[in-house]
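Architecture at a glance
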Amino acid sequence: MCYTIVMKLSKTYEPSLFESDIYELWQDMQAFAPTGKGEPYSIVLPPPNANGNLHVGHALMVPLQDILIRYHRMNGRDTCWFPGSDHAGFETWVVFERKLEAEGKSRFDFSREELYQMTWDFVQEQKGNMESQLRRLGASVNWQEMTFTLDQKVVDRVYKTFKKMWDDGLIYRGKRIVNYCTTHQTSFADIEVEHAEEKGKLWEIKYLGADFKGEIIVATTRPETMLGDEAIAVHPKDKKFAKLVGKHVYIPILGKKIPIIADEAVELGFGTGAVKVTPAHDPVDFEIGQRHSLPITEVIGNDGRMINVPAAFLGLEVKFAREKVVERLRTGGSLGAVKDFDHQVPHCYKCGSVIEPLAREQWFVAVKKLADPAKKAIKEGKIQFTPKQKGGELERYFEELRDWNISRQIPWGIPIPAFQNLDTGEWIFDERVDQEYIEIDGQEYKRDNDTFDTWFSSGQWPIILTEALPKFYPTSVMETGFDILRPWVSRMIMFGLYVNKEIPFKEVYLHGLVLDEHGQKMSKSKGNVVNPMEVVDEFGSDALRLGLVAARSAGLSQAFSPDKVVAGRNFCNKLWNIARFIETHEKHLEELTTADHWVLSKLQQSTAEIDRLIKDYRFAEAVETVYHFVWDEVADWYVEAAKQGSAVADIVLESVLKIVHPFAPFVTEAIWTTLHDDDSLLMLQQWNRGYQFDRKKAQEFEEVKELVGAARLVVAKLKGRRAMVYSDNRVISENEAVIKNLAGLEAVMPFEKPAGIRIAGNFRAYIEAKPAEISAYKADLEQKLIEAGNLAENLKKRLDNDSYRQNAPKHLVDETRQKLAEAETLSASLAKELENI
RNA sequence: GGUUCCAUAGCUCAGUUGGCUAGAGCGCAGCAUUCACAUUGCUGAGGUCGUAGGUUCGAGCCCUACUGGAACCACCA
């Protein structure tokens, strides 16, 4: 396509005509690859789900990172943005299993290998969507490094790390209480469990003394677990029960004899002071059981049905078992009071079913040795967080982190390379996970069928991606959502320090959720989900990027604003038309005009401003700075002035394109290609450097702007076109045509004794007017005189204050003095004018 | 129960060492228009910066308490 022709014809910028071609052009020119020159700058993209579509959160994340990458690339850094896609273990598994169910099949009809292959094929069908959507958002990622979280190099690294941890004694297999979803039949890390308040009941149960007279009453929210009770616990200092410790009670229904023990975990003064201990089905009880060497009797199975219980309860789902137990207790006279009780119940974050704490053999990571150095690194400020308090939050998390269960009972993931000796029960590390049984020295070993928790592999993401390009480790910044600070960012820091002996990134920038336009969380059920690709279709990628990044600060969940997207679209169009004017109408002069000096000074200033804002990750303010520079200064003043001619129009246009490029890459590159016949790319240009201009001339244009503004105010109140007359003045005479055009005047001319309505400011300039109009203007002048007087009075008060003069910084005091002088001059000249009317 | 964040114009939000008369986008009102752009231009209305105290010459910003909203954490049976 010949862009130059489109440029001349099309009054509006049509993103759809350019965006895909521009992206292809970048790719063809290999513009995303590192140059090998300059200081490294790298980011790893938090890998989106390979199986999914990008959502509006990605549409925020991609521009934020792309702004940083493009900015630093233009500033001469050797940039590499590592893309990836995530197998999203559990997430994808849930979708796939739902599909199986819809086809009337079950995971138990297939072997692990078959399931893995089927899921792989399923993901392959979808794969590619996500990648093409990244392209549509303009992501300048280095596609050569594209990595899928199940790629061989990922598995290799994960096994290496696992082995190292195994050798270092950081991996142990143990029976622990795990969070178990009986619907998905897999366990979860603590962090994957959602707590929700539920209205429940608190049942009191009477346990009859076996070797003492009387009974002990305990309260529970889960009466069915009494079938697995192994003790009654009381607080060691509880006088009420002191004599009973060491004695025994009978479990109602079962008649089983269990001991009364003393343990600190029981809270003094709460409830009846005694609790039932079910080591197999409650984390606290499990710990109590460990301390007192209690047996573990499991009464709930993987499928959420009762096991190891009398026939009447066997195979019942938990909730029915509960009803039946309560019924039997009641008829047996063992039920005490029943109260309503609201409490927090753990739920599966995916299907919402109640999480059963079950005692299971799983692989655990002893986290302390990983968490301590991570905490230290943050404490010592080796990693900077934006917003700042998130670093503190992570420090506290590292302090409280408990051992991490990394076993998942789903086939879609990286198999855990561990085998168990069938005779001795001993576990060994071995990578031959494609075989269910292996033989070593005549001994047979069976594979562990579990896979790794996704965070175990994704936690090593920066390590894996930079393994072949080590100069990009540590990466420059980790930009991601605040919701995965704990599960992901924390793990990357721990693994980075453990494996590479160095932090994985120097800075962390966290963005919040994109809420709907009324500040509500987006969800399918509410029907308020914004599909970013639809927005791109309608307004263009640049518009979406600008709209999302504007009005958004670090770490906060904020509303999606369609108005801002429209504003972004309009901005692109404005830029397009600035270019159209400069390319097709501009009059070239040899010498710089006042406006030229001024616009160069503004370019310098805006560039410095953007440098500062990007350094501080203040994206929204950077967008705003760009927006106002282009619209309010370049379009509204410079372009208007340039209609009378300019010597720097081409420099200004190119510089503007550079400034805008990181934020709106497509439209700026589209314009750039219309300017250049060669195959140069805007995205590979050098960022703006300094400009040559005359500071005094630049200041003169500020005066012209003020004069125009003041003239507009006067003209707006009069009918018909008017002329400006002024007493001889170089600044005005040099800019007559500019002033005439900008203020919409009929003429601007010098007069020996100019008269009419005086234009505010330091010039002796007037708008021609009839005597009646001049008198009508009197009220305005009087109002202005009052305002100037008030201002002067305020300033004077401040200066009269001794403490102000002593304590305020000197430049402020000087400034105040100057303002006062100006206000007084204005007052005097207004007063004089009023006299003349 | 603990921690953190938020409260500024009709709506969505800026406002970072405390410093002139608190800003933007959209919306609203008026005017303009054969001009690069109606995805436009100009002009304007609209705010006791949640409440009450405090620190300071000076507070939207710092401190304390309160009110209202949100998020996260948590084994209180």
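Structural data are supplied above this passage.
Quantities reported herein were computed from a predicted structural model and do not represent experimental measurements. (Residues numbered from 1 in each chain as written. Chains lettered and ligands numbered in written order. Predicted model: local features only at pLDDT ≥ 70, side-chain atom pairs only at ≥ 80, totals over all residues. Heavy atoms only, no water.)

Notes on the protein's contact with RNA strand B
Glu 267, Ser 553, Gln 558, Asn 577 and Trp 631 are the nearest of the 58 residues found near RNA strand B. Per the 4 Å cut-off to the protein, sugar and phosphate atoms form 54% of the nearby atoms of RNA strand B. At 2.6 Å, a side-chain N or O of Asp 563 approaches a sugar or linking oxygen of RNA strand B. Between RNA strand B and the protein, one listed contact pairs a base nitrogen with a side-chain N or O atom of Lys 643 at 3.4 Å. Ranked by the residues each element gives to the surface near RNA strand B, the list is headed by helix α17 (residues 562–584), at 11 residues. Considered class by class, the residues forming the surface near RNA strand B number 22 nonpolar, 16 polar and 20 charged. (Near = heavy atom within 4 Å. Polar contact = N/O pair within 3.5 Å; in protein donor to acceptor, adjacent residues only side chain to side chain. Helix = DSSP H or I, 4+ residues; strand = E, 2+ residues; numbered from the N terminus. Nonpolar A, V, L, I, M, F, W, Y, C, P; charged D, E, K, R; others polar.)

So, the packing of helix α3 (residues 56–74) against helix α16 (residues 541–549)
Angle between the axes and distance between the axes are the two parameters that describe a pair of packed helices. Interhelical geometry of α3 versus α16 gives an angle of 90 degrees and a closest axis separation of 9 Å. Put simply, α3 runs roughly perpendicular to α16. Every residue of α16 that contacts α3 at Val 56, Ala 59, Leu 60, Pro 63, Leu 64, Asp 66 and Ile 67 is listed here: Leu 544, Arg 545, Leu 548 and Val 549. (Axes fitted to C-alpha atoms, helices over the stretch in contact; angles between N-to-C directions. Parallel < 35°, antiparallel > 145°, perpendicular 65-115°, else oblique. Contact = heavy atoms within 4.5 Å.)

A short note on the nonpolar core
Ranked by size, the top nonpolar core spans 130 residues in total, and within it Phe 560, Tyr 638 and Met 724 carry the most contacts. The element that contributes the greatest number of residues to this core is helix α19 (residues 619–642), accounting for 13 residues. Excluding residues within four positions of it along the chain, Met 724 makes contact with Leu 707, Ala 711, Ile 739, Leu 745, Ala 747, Val 748, Met 749, Ile 759, Ala 765, Tyr 766 and Ile 767. In terms of nonpolar packing, the next biggest core, distinct from the first, is built from 75 residues, Val 158, Trp 427, Leu 497 and Leu 510 among them. (Core = buried A, V, L, I, M, F, W, Y, C linked by side-chain atoms within 4.5 Å. Buried < 20%, exposed > 50% of the residue type's maximum accessible area, 1.4 Å probe, protein only.)

With respect to empty space enclosed by the protein
With the rule as written, the count across this model stands at two cavities of 30 Å³ or more. Around the largest cavity sit Leu 60, Leu 64, Tyr 509, His 511, Gly 512, Leu 548, Val 549, Arg 552, Ser 553 and Phe 619, which together line it. The set of elements that each furnish at least two residues to the lining of the largest cavity consists of α3, β24 (505–511) and α16. Along the lines of polarity and charge, the residues of the lining of the largest cavity split into six nonpolar, three polar and one charged. Considered as a void within the structure, the second largest cavity measures approximately 40 Å³ in volume. Forming the boundary of the second largest cavity are Tyr 13, Pro 15, Glu 19, Phe 539, Gly 540, Asp 542, Ala 543, Arg 569 and Cys 572. Of all the elements in the fold, those that place two or more residues in the lining of the second largest cavity are α2 (15–28), α16 and α17. (1 Å grid on protein atoms, 1.4 Å probe; cavity = no way out; pocket = protein on both sides within 12 Å on 5 of 7 lines; lining within 4 Å. Points joined across faces, edges and corners; volume = space filled by probe spheres on them.)

A closer look at helix α18 (residues 594–615)
For α18, which comprises 22 residues, the first-to-last C-alpha distance of 32 Å matches the rise-based estimate of 32 Å (1.5 Å per residue) to within 8%. Once α18 ends, the next one or two residues include Tyr 617, with phi positive near 60 degrees. (Expected span 1.5 Å × (residues − 1).)

Some details on the pattern of salt bridges
Taken as a whole and assessed by the stated rule, the structure comprises 48 salt bridges. Taking the shortest distance from any N to any O, the salt bridge between Lys 201 and Asp 340 comes out at 2.7 Å. Residue Lys 201 is found in strand β7 (residues 193–209), and its partner Asp 340 is found in strand β13 (residues 335–348); the two are separated by 139 residues along the sequence. Glu 327 is the salt-bridge partner of Arg 330, the closest N and O atoms lying 3.8 Å from each other. Taken together, the residues span about one helical turn, with Arg 330 and Glu 327 both in helix α9 (residues 318–331) at a distance of three residues. The class for Glu 327 is partly exposed, based on a relative accessible area of 40%. Each of the salt bridges in this network shares a partner with another, and the network as a whole consists of Arg 222, Glu 224, Arg 322 and Glu 356. (Salt bridge = Lys/Arg side-chain N within 4 Å of Asp/Glu carboxyl O.)

Comments concerning the packing of α2 against helix α21 (residues 665–675)
Orientation of α2 relative to α21, taken along the N-to-C sense of each, is 75 degrees, at an axis distance of 10 Å. Here α21 runs roughly perpendicular to α2, going by the angle between their axes. Contact residues: α2 offers Phe 18, Glu 19, Ile 22, Tyr 23, Leu 25 and Trp 26, while α21 offers Pro 665, Phe 666, Glu 669, Ala 670 and Thr 673. Considering only residue class, the contact of α2 with α21 consists of eight nonpolar, one polar and two charged.

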